[in-house]
Amino acid sequence: MMALPGGRHLDSIPLPGQRLNLMQVDSVQRWMEDLKLMTECECMCVLQAKPINLEEDMQGDLILAGGPSPGDPLQLLLKRGWVISTELRRIGQKLAQDRWARVHSMSVRLTCHARSMVSEYSAVSRSSSREMGQVEKLLMEKCSELSAVTERCLQVENEHVLKSMKACVSETLSTLGQHFGQLLELALTREVQALVRKIDASDNVYTTESTTGNLFSLTQEGAPLCRIIAKVDGVLCLADILTDDSHSEATRAEAAAVVAQVTSPHLPFTQHLTSFLESMEEIVTALIKLCQEASSGEVFLLASAALANITFFDTMACEMLLQLNAIRVLLEACSDKKRVDTPYTRDQIVTILANMSVLEQSASDIIQENGVQLIMGMLSEKPRSGNPAEVAACERVQQKAAVTLARLSRDPDVAREAVRLSCMSRLIELCRSPSERNSSDAVLVACLAALRRLAGVCPEGLQDSDFQQLVQPRLVDSFLLCSNMEESFV
């Protein structure tokens, strides 16, 4: 939603149920709020951008009609930021099409939006820093420069001159975007920092709960906000909530949700999470406890998702989980339908198991807790509906189950147990039958790798044809054979 590096982070974990505050999102209400940004252009902008243009795409002009709620600087910044970043993108598109009249009118409107954002934020925020004041000045200077140069372009008819001026406009637009991104990040960092301090200083349960919910809402705005939360040590603040049993389960679940978003392996940054290592043991311990005591599937999903992401972040977390008997906690939860009843949750569990399976000590814990049988069951994960998100989740469960099995089968005891449970037969079925894996290439590669690892320990469990087609050739040749295989209905 903002003109900062990185895009909107689309979480692949749907949040079933609506019992927690963080899941009480009214999509219609959100749509109604966004609709305010898509009305006709301000009269002031139109009058300054004469002559009035009757182009058809002017109907889509963006303005902040009514604006955000007074006294809410974060919402003001997010909404104004969305409008301005959208205008910057659209000006770039019109510039590429040499539509100079539109470029100029939109540049004037952009100046109005930038001026409004600066003045409105100054009215609701604390006194601005010297750095912010300097960036504001640079931004407004570039806005004025863009409006002036695009107006001159309207009066130029020589194509060669216009071409050279186009390069100047493009450079000005790029610099303007950089100043805007810098100003927006400074302002957002300041407001998020205030939010984190509010949580730290609060002794009121309701204030802590609502403010934590606000932090979670910010993580939904994309990677830039997650990075800012990490940068201002928001994760350490959340660690205090997670480790404090006086907070309600819902509040701790919201804190876990924020941790899950900020530590997502899909985000393009990690440098601001170094301070997270200081509290990682406390956070991991609190999350395992939340998984063990979760009263609902939603709470377990959020806590396990945070743990899954943390295991990607640092291998030390896997060692901590091993010491905390996490394998037993997670495998016991799989038999509790109240906590684990969707492929999304099983996706988190098998992710943790896959990352922990790189440790040699994990094999004995897996066998002791009958984990191989559970992994075998995950190889048969099937969606209850045709929902694309659920189908994708089932594919991830199958793939990660095969990866986990391949890693654990380094231990001969695990490999023999897997053969005893007919894992090889299921892996062969997944390789040879595209419908069993929803034609997923990722599942196919993982199953071939697991099958080859098991065959190395117990080759007698394979028929000759399976060995010759799925194990003996190069992996790529077996992959091509299976990916082009027709279904057999005999």
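Residues numbered from 1 in each chain as written. Predicted model: local features only at pLDDT ≥ 70, side-chain atom pairs only at ≥ 80, totals over all residues. Heavy atoms only, no water.

Across its full length, the chain holds 23 helices and zero strands. Burial analysis of the chain (490 residues in total) assigns 52% to the buried set. When contacts within the chain are restricted to residue pairs at least 6 apart in sequence, long-range pairs at least 24 apart make up 75% of them. When the accessible surface of the chain is totalled, it reaches about 22,600 Å², and 51% of it is carbon and sulfur. (Helix = DSSP H or I, 4+ residues; strand = E, 2+ residues; numbered from the N terminus. Buried < 20%, exposed > 50% of the residue type's maximum accessible area, 1.4 Å probe, protein only. Contact = heavy atoms within 4.5 Å. Areas by Shrake-Rupley, 256 points an atom, 1.4 Å probe, with all protein chains shown as cover.)

The next thing to look at is the pattern of salt bridges. According to the stated counting rule, one finds 19 salt bridges in the structure shown. Residue arginine 80 pairs with glutamate 120 through a salt bridge whose shortest N-O separation is 2.8 Å. Remark: glutamate 120 occurs in helix H4 (residues 100-124) and arginine 80 occurs in helix H3 (residues 73-96); sequence separation between them is 40 residues. Overall, the relative accessible area of 25% leaves glutamate 120 in the partly exposed class. (Salt bridge = Lys/Arg side-chain N within 4 Å of Asp/Glu carboxyl O.)

Once that is clear, we can look at the environment of lysine 79. Mapped onto the secondary structure, lysine 79 falls in helix H3. Linking lysine 79 and methionine 117, residues 38 residues apart in sequence, is a C-alpha distance of 9.4 Å.

With 43 residues, helix H6 (residues 159-201) should cover 63 Å at 1.5 Å per step; its first-to-last C-alpha distance of 62 Å lies within 8% of that length. Capping of H6 at its N-terminal end is provided by asparagine 158; its side-chain oxygen lies 2.8 Å from the backbone amide nitrogen of histidine 160. (Expected span 1.5 Å × (residues − 1). Polar contact = N/O pair within 3.5 Å; in protein donor to acceptor, adjacent residues only side chain to side chain.)

This part is about the packing of H6 against helix H8 (residues 223-231). One can describe the packing of H6 onto H8 by two numbers: an axis separation of 9 Å at closest approach and a directional angle of 55°. Taken together, the axes of H6 and H8 are oblique relative to one another. Pair H6 / H8 crosses with right-handed handedness. Contact residues: Glu185, Leu188, Thr189 and Val192 in H6; Leu225, Arg227, Ile228, Ile229 and Lys231 in H8. For the contact of H6 with H8, the residue count by class is five nonpolar, one polar and three charged. (Axes fitted to C-alpha atoms, helices over the stretch in contact; angles between N-to-C directions. Parallel < 35°, antiparallel > 145°, perpendicular 65-115°, else oblique. Left-handed = near helix turned anticlockwise from the far one by under 90°. Nonpolar A, V, L, I, M, F, W, Y, C, P; charged D, E, K, R; others polar.)

So, on to the confidence of the model for the chain. Mean pLDDT over the chain works out to 84, with 83% of the residues at or above the 70 mark. Segment residues 38-60: pLDDT under 50, and 36 contacts once partners within four positions in sequence are set aside and those in other chains are kept. Low pLDDT, under 50, characterises residues 62-70; the predicted model gives this stretch 29 contacts beyond four residues in sequence or across chains. (pLDDT = per-residue confidence, 0-100.)

Our focus in this paragraph is the side chain of serine 362. Looking at the element boundaries, serine 362 is found in helix H16 (residues 362-368). Those residues within four positions of serine 362 in sequence are excluded, and the remaining contacts are Leu322, Ile327, Met356, Ser357 and Leu408.

With a phi close to 60°, aspartate 98 is a non-glycine residue in the positive phi region. Counting through the fold element by element, aspartate 98 comes out in the loop between H3 and H4. The phi angle at asparagine 438 is positive, at roughly 55°, despite the residue not being glycine. Structurally, the position occupied by asparagine 438 is in the loop between helix H20 (423-432) and helix H21 (441-457).

Moving on to the environment of alanine 123. Note on placement: alanine 123 falls in helix H4. The spatial distance from the C-alpha of alanine 123 to the C-alpha of proline 73 is 9.2 Å, given a sequence separation of 50 residues.

Next up on the list: H3. For H3, which comprises 24 residues, the first-to-last C-alpha distance of 34 Å matches the rise-based estimate of 34 Å (1.5 Å per residue) to within 8%. Within H3, 18 of the 24 residues are buried, which leaves the element mostly enclosed by the surrounding structure.

Another aspect to go through is the packing of H21 against helix H23 (residues 475-483). Running from N to C, H21 and H23 cross one another at 130°; their axes reach a closest spacing of 10 Å. With respect to H23, the element H21 is oriented oblique. In the crossing of H21 with H23, the sense of the turn from one axis to the other is right-handed. Here Asp441, Leu444, Val445, Leu448 and Arg452 of H21 come into contact with H23, specifically with Leu475, Ser478, Phe479, Cys482 and Ser483.

Moving on: the nonpolar core. Counting residues in hydrophobic clusters, the biggest one holds 138 residues, and the most contacted among them are Val192, Leu215, Leu218, Leu287 and Ile310. Per-element accounting of this core gives the leading share, 14 residues, to H6. Ignoring any residue separated from it by four or fewer positions in sequence, one finds leucine 215 in contact with Val192, Leu195, Ile199, Ile229, Leu238 and Val258. (Core = buried A, V, L, I, M, F, W, Y, C linked by side-chain atoms within 4.5 Å.)

With that settled, consider the environment of alanine 167. As for its placement among the helices and strands, alanine 167 is situated in helix H6. Judged by relative accessible area, alanine 167 falls into the partly exposed class, the value being 48%. Distance from alanine 167 to leucine 95, taken between C-alpha atoms, is 9.9 Å for residues 72 residues apart in sequence.

The next thing to look at is the state of the cysteines. Per the stated rule, a full pass over the model turns up zero disulfides. Cysteine cysteine 431 is unpaired, with the sulfur of cysteine 482 as its nearest cysteine sulfur at 5.2 Å. (Disulfide = S-S within 2.5 Å.)

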